[in-house]
Each structure stands twice: as C-alpha cells, then as structure tokens.
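Here is how the chains run, residue by residue.
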Amino acid sequence: MATKNTKYPNVKSYPAEIKKTPTFIHGLDEILRGGLPKNRTTVINGSAGSGKTVLGLEFIYRGAQAGEPGIFVCFEETPEQLRENAATFGWDIPALEAKNLIFLYDGTIKPEVIISGSFSLKGLLAVIAGKKQEMNAMRIVIDALDVVFRFFDSPAAVRNELHMLNDWLANEGMTTLLTVRPSKRPEAIAYEEFFESMGDCVIKMDIRVVEQITTRRLRVIKYRGSDYERNEYPYAITSTGLLATPISTVGLKHKPLGRKMSTGIKELDKILHGGYSKGSCILFAGEPGTGKTIMVSTFIEHACRKGDRILYIGFEESEDALVNNVSNAGINLKPHINDGKLFFITNYPEAMGAEEHFIRAVKKIDMFKPTHVVVDAISACPRMGGKLAAFEYLMRLLNHCKERGITIFLINQLSGSGTYLEISGNSISSMIDTVIYMKYVMCPGETNRVLQILKSRGSGHSNQKHEYLITDNGIKILEICSGKGEMLTGTARIEKEEEEKAEAEKLEYEISRMELELKRLKQIQNRISRETKLRMLKRGGEYQA
Amino acid sequence: MNARKKIPGKKKSSDVEAKFRFILFVAGNEPNSQTAEYLLRNFCNKYLKEPYELKIIDVFKDYKSAIEKRITVVPTLIIEEPSSEKIIVGKIEKEDKLIEILGLRVIRSR
C-alpha cells in the first residue's frame, strides 16, 4: 500500500476523518458514516445474487444524478442488460449516458475469443483513463473483476495484474468500487486475500436462506481511516434500489410518551388511569379467541372517529375477514377504510424476508403518516425466517415508530404456556410500555375471560383482574367481584351474587321479625307497667279506706 | 501507429483489396504487446503471400478505437479478413494456431 501513502502524504496529519464520497444509497451512508473513502478503492465481496452489481450501479447512477460522472465496467453482464435491469428500479441510465454522466463499458470476454499466451489488463486501463479525462469521471465501478481473472493462466499473473491495477487506481484519483465474488477454486483464494488487502474499505454482502426464507446481510469488514458501524445489517433490493437498515440508533431518539387517549371502553380507561399513552407501545397478549383483535378494533373505531390515522399490519387475517369478524362485535371499520383513515397491509409472514417486510412497512409509514400502527400478530413474525429475524423486524419497526411518536399496538397470540417471557413477546419487552394480558379462567361448567394489566410504564393502573364479556355491542368490563379471597367470574359470580341477595333478604326478614318482637315486648312492658300502677293505686285506696 | 505492409510484385497493390486484414491492439511498451507485434510481423512476412493490411493501435494513444472494439486486455488481435471476424488475445506465441485460424496451407520450406 506504499502507493497510497505517496498519494496521500498528509494522511497522518488528519487521521480523524478522511474525505468521503457518499453512495446516496439509503442506509448505507449511515453504516459507512458518510460514504466510501474518496479517491480510494473499496472492495465488495458478495456471493451470487447478493446484489453487488445493483449496489455498484446505484453508486454510479445516484452519483451521476448528483452531478458526479461515473464509469461502470462490467465483466459479467452486457451494458444492454444493465440498462434493462436499471430501468426496473426506475433509473434512466440512457438519459445520463446522453449527458456524458455515465459510461458503461462492456468488458465481457466473448466465448469465441481465442486465448493464446499471456496478456494484460492495460487495455481496460487505457480506456478508463481516456474516458475519465473526457467526461471528468469521479467514480468508477469495476463489476465482477474476478471473471476476467479466470482467463489468466496462473495465480502469479493475476497477482501481478492486481498490483498493477491497484497502483494505477491509486494514482487515478477516482472513488473506486470493485466487486468480486468469492470463489470456490483453491487457486483463487490467494488473490482473494489480496483483493481484501487492496481495498481501503471492504464490504461483505451475503445472501442466505434461514428457515426457507431468503435474507440479505451486509457488513463492513474494514475501513481504513474511518469509523464505521460494525454489525451485520439486513438490506433489501426494493423497487427503487438497495436499502440497508442500520439499527445503531435504537433507543436514543425515542420521543417521550404523550397524553392519555381513551381506549374506547370506559371501564378500561378507568383501569388504565385514563387510557393508552400516545406514542407508547401497547401489547395485547392472549390465547386465541380472548378478543385481542376486538379490543384493538374498538380503539381503532374510536380513534378514527376523532380523526386519527391508523396503519394495520396484518399477518393472520385478510382485511375483509377482519372487518367482517369485528363487525359481529358491533364494530364498524368500513367507513374509516373508505375515507382513508385506516389502511391495511396484509401479507403472509413467509412471503418475504424480515427486511423486506420492514421496508414495506416503513415506506408505508413514511408515506401514510399514521398516528397509530397495529401489528397483528407478533407471534407470526418468526415465520419470516426465525426468531432472530422476527426480533430484528419488530425492533426496527418499534424503533421507527417510537422515533416518530407513533403509538404501536402489538397483538401477541399465546400458545398457552403463559410464561411472562412469552406474554411480553420475543424479547422485545424492554420496548413495550403497557402489557394487557387477556386470559381464560376455567370454572366448573364454563370458561370466562379476564384481563389484567401486567405493566404500564409512566402511569398508574389497576392491579386487579377484571372480568369482561364480548357482546354484540363490543367489550363490556364488569365490576370486580371477590369472595373467599379470590375474584369470581361467570356463574360463580352470579351464584355469589344470588347468595348475597338471599342472605340480605334473610337478614331483612330477620330484622323485621326482631322489630316485631321488640314491638311486642314493648307492648308487654307497657301493659305490665300500667297494671302495676293500677294495682298500686288500688292498694293505696285500701289503706286510705 | 498505423503500419500498412503490402507485398510488392503484384499489380497496383494499393487498389487491390487486402486478403488479410489485422488490427493489433497494444499498450505502449507493455512486454506482451511488444512480443505480439514482433511475432505477428514475422508471421506475416513468413507466411502471407497475398496482400495484407496490419494496423497497430496503441490503446494509450487511441482509446476511442479501443472502446469501439471493446478492448479489455492487450495484446488483442482482431482478424477482420478473411471470413468472419476473429479475436485472439495474448502474445500469440504459437504460429500453428494462427495458421489454423487463417486457414493457410503452408508448405514448410527447408
């Protein structure tokens, strides 16, 4: 790397920050803390299908849009294929080519080419140098460099070429991106190591299949002269290009909880000391059929009426099925869908990887700007590709919402084990502000439903269990009824109530009986005292007589 | 760096269409390029009895022609005539290969 030092003799005088060239790729510049090292070489090592060509092309395209001309050399695809692929992302490459802002160079070696003896890549360098001068190019991508090296007859020849290329690039003054695909051939390993050492920045892109779901991850392996985010980041190839999702900011920019909002159920407002907090994360946990969706829908209807906007992310039911189901409980969501206050995204979790789900949700959130977001249900998220994928999805989604002060309602379908960890769902409990636990209570001959607030950050709340009914008119929460040191529900409650009523009647009867007795005794007393008086009067008369 | 060599002895050679037309792309003093140029010239003198045209292009001096012909590596020899275009990369150490490609019938002289 001696050449680097001669080109940058002053590099040690400002070691804190080297100059950077932004990629303008969503999320990537954050991970790279500003972009690729300016006028230096970055190596992207990615397996087939990882999207390294897309990244390279986007780097050139977005650069050209920002007025920095770029050259793209392709060894694998033809420029025609690249233009077509770019068009699917909505990138108009020919328009920028016409303005001399992009130059695509076809470096593919045709199969009919006859190879006879050793050769050098200098032909390419001459083309690049000439074109660079002509269009004042500042960016260059050499895509699938490893392909051309397959035509070289010895690893030593490859190494020589790489050294020559490296020295040449270092002196050209362009921000360079080389993409290579890791090879399985043993003789290639030697120069792959060199690839990594020649880059000032090395990014690894990886496509993998976890539990039958395809996911993509990228990681910065090294970045000379700069700090960078060191974790593995999910990224996706979306309809507008590459999108990486750094999560480094988790928990740092969350907005404080806002005012209390009515839940739409009077008794529940009382239990929660005023309702849900705006911008908080509320989890409804319960077994199937406990009425979680109805509980949330009650709020949706109430909030929409007040003018709030709600995004409903559903993994379990279709929009129509859900609207129909809650209508049986007297909740009518249709008008709110029609006037655009309520929007549904429904997808099977298996339909795509977690990052794809996240990106779709985020795009919708940024466009639709909801007041509240509902996720139904987080228990379905592991089907996106495992527990880790679900965790990453929810963590990022919660983070995205919390940073924007959006209230999040999570529904968690419990399998029945009912441990606290399961209730709070997927180890995201630290992000959750309120947990409403809804469960069945088995009683002889019947099953009743009760709810309990397990946690409610920054607010007082009832610590008791409350029985509730799902009626044709929504959810009804009943007054607390307790006996023998426990709460009573259903028939037991009715029995207890009747028992108490009978007891009261009995007491009342007893009282009236006693009153009567008292009356009788009083009358007797009166009679006796009268008789005594009379007798004394008589006796007095006898004495006098 | 264009070099046209025609075999004398035929009638007005400049009017005669060359039977063989070559373009050799080289890169300055790059060793493989120099070897290729030397070997190719020797080859032509030795085997081609009919008029031929050999154009030598230094990519560092004429990158536009290189772009036109999609040159990536040097030396690259493009055989435009006879028959359809053929491309050979490398320094062309083996004459036999070229003889075969050009379809020459060579009676090796002692």
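Every value quoted in this text rests on a predicted model; they were computed, and no experiment measured them. In this numbering scheme, every chain counts its residues from 1 along its sequence in written order. Each chain gets a letter, beginning with A, and each ligand a number, beginning with 1, in the order they are written. Local features in this predicted model are restricted to residues of pLDDT 70 or higher, and side-chain atom pairs are both shown and tallied only at a pLDDT of 80 or more, whereas totals for entire chains, interfaces and linings draw on every residue. Hydrogens and water molecules were not included; the side-chain quantities draw on all heavy atoms of the structure.

Undergrad: Sorry if this is basic, but what is going on with the environment of F195 of chain A here?
TA: Residue and element names in this part refer to chain A. By the criteria applied, helices consist of DSSP H or I runs no shorter than four residues and strands consist of E runs no shorter than two, each listed in order from the N terminus. In this structure, F195 sits in helix 9 (residues 186-198). On the basis of relative accessible area, F195 is assigned to the buried category, the value being 1%. The spatial distance from the C-alpha of F195 to the C-alpha of L145 is 9.9 Å, given a sequence separation of 50 residues. Contacts between residues were defined by any pair of non-hydrogen atoms, one from each residue, lying within 4.5 Å. Excluding residues that lie within four positions of it along the chain, F195 makes contacts with V43, L145, F149, L162 and V180. Working definition: with a 1.4 Å probe on protein chains only, accessible area under 20% of the residue-type maximum means buried, over 50% means exposed, and in between means partly exposed.

Undergrad: Can you help me understand the sheet that holds strand 22 (residues 466-471) of chain A in this one?
TA: Adjacent strands of a sheet form backbone hydrogen bonds with each other and so pair up, either parallel or antiparallel. Residues and elements named next belong to chain A. Spatially, 17-16-18-19-15-20-21-22-23 is the arrangement adopted by the 9 strands of the open sheet, whose pairing is mixed. In this open sheet, the two strands that pair with only one neighbour each are strand 17 (342-346) and strand 23 (474-477). With strand direction ignored, the average angle separating the axes of adjacent strands in the sheet is 25°. When DSSP finds two or more bridges between two strands, those strands count as paired. Relative to strand 20 (residues 434-443), strand 15 (residues 281-286) runs parallel, the two sharing 5 bridges. By the bridge assignment for strand 20, F284 is matched with I436. For helices, the axis comes from a line fit to the C-alpha atoms of the stretch in contact; other axes are also lines fit to C-alpha atoms, and the angle between any two N-to-C directions lies between 0 and 180 degrees. Here helix 12 (residues 319-327) sits on the sheet in contact with strand 16 (310-314), strand 17 and strand 18 (372-376), set at roughly 125° to strand 17. Sheet strands in contact with helix 15 (residues 387-403) are strand 15, strand 16, strand 18 and strand 19 (407-413), and its direction is about 155° off that of strand 19.

Undergrad: Teacher, can you tell me more about the confidence of the model for chain B here?
TA: Atom-level detail of predicted coordinates should not be read off regions where pLDDT is low. Residues and elements named next belong to chain B. Of all residues in chain B, 80% have pLDDT values of 70 or greater, and the mean over the chain is 80. Element-level mean pLDDT values for chain B span from 50 in strand 1 (residues 2-3) up to 92 in helix 2 (residues 63-68). On a scale of 0 to 100, pLDDT captures the predictor's confidence in every residue. Note on residues 6-15: pLDDT under 50 across the span, and 7 contacts to partners over four residues away in sequence or across chains. Reported confidences for the modelled complex are a pTM of 0.65 and an ipTM of 0.81.

Undergrad: Help me understand unusual backbone geometry, please; the structure alone is not making it clear to me.
TA: Excluding glycine, residues mostly carry a negative phi; peptide bonds, for their part, are mostly trans. Residue A377 of chain A follows D376 of chain A across a cis peptide bond; omega there is 5°. Locating A377 of chain A in the fold gives a position in the loop between strand 18 and helix 15. Across the junction of V74 of chain B and P75 of chain B, the peptide omega takes the value -5°, indicating a cis bond. Phi at H273 of chain A takes a positive value of approximately 55°, unusual for a residue other than glycine. Mapped onto the elements, H273 of chain A comes out in the loop between helix 10 (266-271) and strand 14 (276-277). Positive phi is not limited to glycine here, since R70 of chain B has a value of about 55°. Looking at the secondary structure, you find R70 of chain B in the loop between helix 2 and strand 4 (76-81). Judged by relative accessible area, which is 24%, R70 of chain B ranks as partly exposed.

Undergrad: How do you make sense of the state of the cysteines when you look at a structure like this?
TA: Each disulfide is one covalent bond, formed between the sulfur atoms of two cysteines. Cysteine sulfur pairs qualify as disulfides if the two atoms are within 2.5 Å. The final tally for this structure, using the stated rule, is 0 disulfides over all chains. No disulfide involves C281 of chain A; its sulfur sits 8.7 Å from that of C401 of chain A, the nearest cysteine.

Undergrad: Is there a simple way to explain the confidence of the model for chain A in this structure?
TA: Residue and element names in this part refer to chain A. Averaged over every residue, the pLDDT of chain A is 84; residues scoring 70 or more account for 91%. When the criterion is pLDDT under 50, residues 1-5 qualifies, and its contacts beyond four places in sequence or with other chains add up to 11 contacts. Note on residues 10-15: pLDDT is under 50 here. Beyond four places in sequence and across chains, it has 2 contacts.

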